[in-house]
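Examining the three-dimensional arrangement
Here is how the chains run, residue by residue.
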Amino acid sequence: SDDGKLSFDEFKAYFADGVLSGEELHELFHTIDTHNTDNLDTEELCEYFSQHLGEYENVLSVLEDLNITILKAMDKTKKDYQEASNLEQFVTRFLLKETLNQLQSLQSSLECAMETTEEQTRQERQGPTKPEVLSIQWPGKRSARRLQRNNSLSLNSPHFSTGWTEEDSQWMTQINRLQKLIDRLEKKDLKLEPFEEEVLEENARSHIMIVQRQMSVIEEEIEEFRLALKQYVESASTQGGCLHVSVQKLASDCRFIVYEFWENSNAWNSHLQMNYSKTFQRSNVDFLETPELITTMLVPGKY
């Protein structure tokens, strides 16, 4: 509520991680609440977490310095880019892209570590606990921060036979839809090569580019985003190198997944330089909760 302290409900909304139960969160809350006021202030939070930082004290310190350094670089780029020469602008774009790639690589490592530790904790527990699934809205345009954490069950999970979770069902639906899309493309004379080890000269054979774009949209901007996405898909579908574009929305949140199939990487790269593609990317700055996640894969084959 922007009053400088956290009530228990606000504490749960932010710290629920899909592993701790409501009772465990309540116990943790009162452990941190050394002033016994049923509200947590900044001093209490700092005092508690500072005792457990360990190596992460250096990590967080470096991240703070990195954040300041990047903001300074962005400010200078904003001032100098338009007046720079073509070569200098190219170098700036390259450095921005490389910085983003490095940060995404670091993020992937951290996400992998988080998933591993959460899964290990679930397996070590004697019985499944019911995690907190919460949603809270904060003031401001980029509100509606959703914190929904669910236990994910795999085929190897000892609890798999008890039934699917809602999230499992949604992911299986996406996988099935992607399989149907691949089947449809195969019927349109899309020929994917069978397994065969061979040595190829560069550019000797074509490769189909498969692109997956994941976008988490701000709830208040979802209608505007739908309109921009529709225009983007319609424009992309008319491009000569585009084989197919499919859009899926996850029912549980405001997340969209766009699947794009292109004849080759050159067709994909040319598409990125088109005005409609740049317009869509610029609009996403206002529409998205977090930066867009793009995954690409080259598949040997011909169309």
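Every value quoted in this text rests on a predicted model; they were computed, and no experiment measured them.

Structurally, S7 is set in the loop between β1 (5-6) and α1 (8-15). Overall, S7 belongs to the partly exposed group, its relative accessible area being 23%. Along the sequence, S7 and F29 sit 22 residues apart, while their C-alpha atoms lie 9.2 Å from each other. With residues up to four places along the chain from it excluded, the contact list for S7 reads F29, D38 and N39.

Taken together, the side chains of Y56, V59, L60, L63, L66, L103, L106 and L110 define a hydrophobic patch exposed on the protein surface, amounting to about 690 Å² of accessible area. Listing elements by their share of the nonpolar patch, those giving two or more residues are α4 (56-80) and α5 (86-124). A per-element tally of the nonpolar patch places α4 first, with five residues.

Attention now moves to the UniProt feature "domain: EF-hand" (unreviewed entry) in the chain. Within the UniProt annotation, "domain: EF-hand" (unreviewed entry) is assigned to residues 20-55. End-to-end, the C-alpha atoms of residues 20-55 are 23 Å apart, and along that stretch the chain is 56% helix and 6% strand.

Another aspect to go through is the nonpolar core. Counting 23 residues, the largest nonpolar core has V217, F225, L229, W262 and F280 as the members making the most contacts within it. Elements supplying a minimum of two residues to this core: β6 (207-216), α7 (222-237), β7 (242-249), β8 (255-262), α8 (265-272) and α9 (275-287). By residue number, the principal contributor to this core is α7, which donates seven residues. Look past the residues within four positions of F280 in its chain and what remains in contact with it is R213, M215, F225, A228, L229 and Y232. Counting residues in each nonpolar core, the second largest holds nine residues, with L6, A16, L25 and L45 among its members.

Once that is clear, we can look at the packing of aromatic side chains. Each aromatic ring pair is characterised by the separation of its centres together with the angle its planes make. Per the counting criterion, the structure on display carries twelve aromatic pairs. With a centroid separation of 4.7 Å and an interplanar angle of 35°, the aromatic rings of F11 and F15 are classed as tilted. Highlighted residues: F11 and F15, both in helix α1, separated by four residues, approximately one helical turn. For F15, a relative accessible area of 25% gives the class partly exposed. Measuring from ring centre to ring centre gives 5.4 Å for F11 and F29, while their planes differ by 65°; the resulting arrangement is edge-to-face. Here F29 lies in helix α2 (residues 22-32) and F11 lies in helix α1, a separation of 18 residues in the sequence. Note on F11: relative accessible area 0%, which makes it buried. Of the residues examined, F29 reaches a relative accessible area of 2% and is grouped as buried.

For the rest of this paragraph, the subject is the packing of α2 against helix α3 (residues 42-50). At a closest axis distance of 9 Å, the pairing of α2 and α3 adopts a crossing angle of 105°. The angle between α2 and α3 places the two elements in the roughly perpendicular class. Counting all contacts with α2, which are made through L28, T31 and I32, the residues of α3 involved are E44, L45 and Y48. The residue inventory of the contact of α2 with α3, partitioned by class, reads four nonpolar, one polar and one charged.

Applying the stated criterion across every chain, the model contains six salt bridges. Between D75 and K79 there is a salt bridge, with the nearest N and O atoms lying 3.4 Å from each other. One end of the pair, D75, and the other, K79, are both in helix α4, four residues apart, so they sit about a helical turn from each other. Residue E292 pairs with R213 through a salt bridge whose shortest N-O separation is 2.4 Å. With E292 in the loop between α9 and β9 (293-302) and R213 in strand β6, this pair connects stretches of sequence that are 79 residues apart.

To continue, consider the confidence of the model for the chain. For the chain, the mean per-residue pLDDT works out to 76, and 72% of the residues sit at or above 70. Low pLDDT, under 50, characterises residues 133-164; the stretch is placed with 69 contacts to residues that sit more than four places away or in other chains.

Once that is clear, we can look at α7. Taking 1.5 Å of rise per residue, 16 residues should cover 22 Å, and α7 covers 22 Å from first to last C-alpha, within 8% of that figure. Of the residues making up α7, those classed as buried are I222, F225, A228, L229, Y232, V233 and A236. Axial view of α7: buried residues confined to an arc of 135°, hence all on one face. Along α7, the residues that are exposed and aim more than 90 degrees away from the buried face are E223 and K230. On its buried side, α7 packs onto β6, β7, β8, α8 and α9.

Angle between the axes and distance between the axes: these two values describe a pair of packed helices. Taken N-terminus to C-terminus, the directions of α7 and α9 make an angle of 160°; their axes are 10 Å apart at the nearest point. Accordingly, the angle class assigned to the pair α7 and α9 is roughly antiparallel. Here α7 runs over α9; the crossing is left-handed. Between α7, through E224, F225, A228, L229, Y232, S235 and A236, and α9, the contact on the second element is made entirely by Y276, S277, F280, S283, N284 and F287. When grouped by side-chain class, the residues that make up the contact of α7 with α9 number eight nonpolar, four polar and one charged.

Criteria and cut-off values
Residues numbered from 1 in each chain as written. Predicted model: local features only at pLDDT ≥ 70, side-chain atom pairs only at ≥ 80, totals over all residues. Heavy atoms only, no water. Helix = DSSP H or I, 4+ residues; strand = E, 2+ residues; numbered from the N terminus. Buried < 20%, exposed > 50% of the residue type's maximum accessible area, 1.4 Å probe, protein only. Contact = heavy atoms within 4.5 Å. Patch = residues over 30% accessible without salt bridge, like charges linked within 9 Å, V, L, I, M, F, W, Y side chains within 5 Å. Areas by Shrake-Rupley, 256 points an atom, 1.4 Å probe, with all protein chains shown as cover. Salt bridge = Lys/Arg side-chain N within 4 Å of Asp/Glu carboxyl O. UniProt positions renumbered as here; feature names shortened; annotations may be inferred. Core = buried A, V, L, I, M, F, W, Y, C linked by side-chain atoms within 4.5 Å. Phe/Tyr/Trp six-rings, centres within 6.5 Å; stacked < 30°, edge-to-face > 60°. Axes fitted to C-alpha atoms, helices over the stretch in contact; angles between N-to-C directions. Parallel < 35°, antiparallel > 145°, perpendicular 65-115°, else oblique. Nonpolar A, V, L, I, M, F, W, Y, C, P; charged D, E, K, R; others polar. pLDDT = per-residue confidence, 0-100. Expected span 1.5 Å × (residues − 1). Arc of directions from axis to C-beta. Left-handed = near helix turned anticlockwise from the far one by under 90°.

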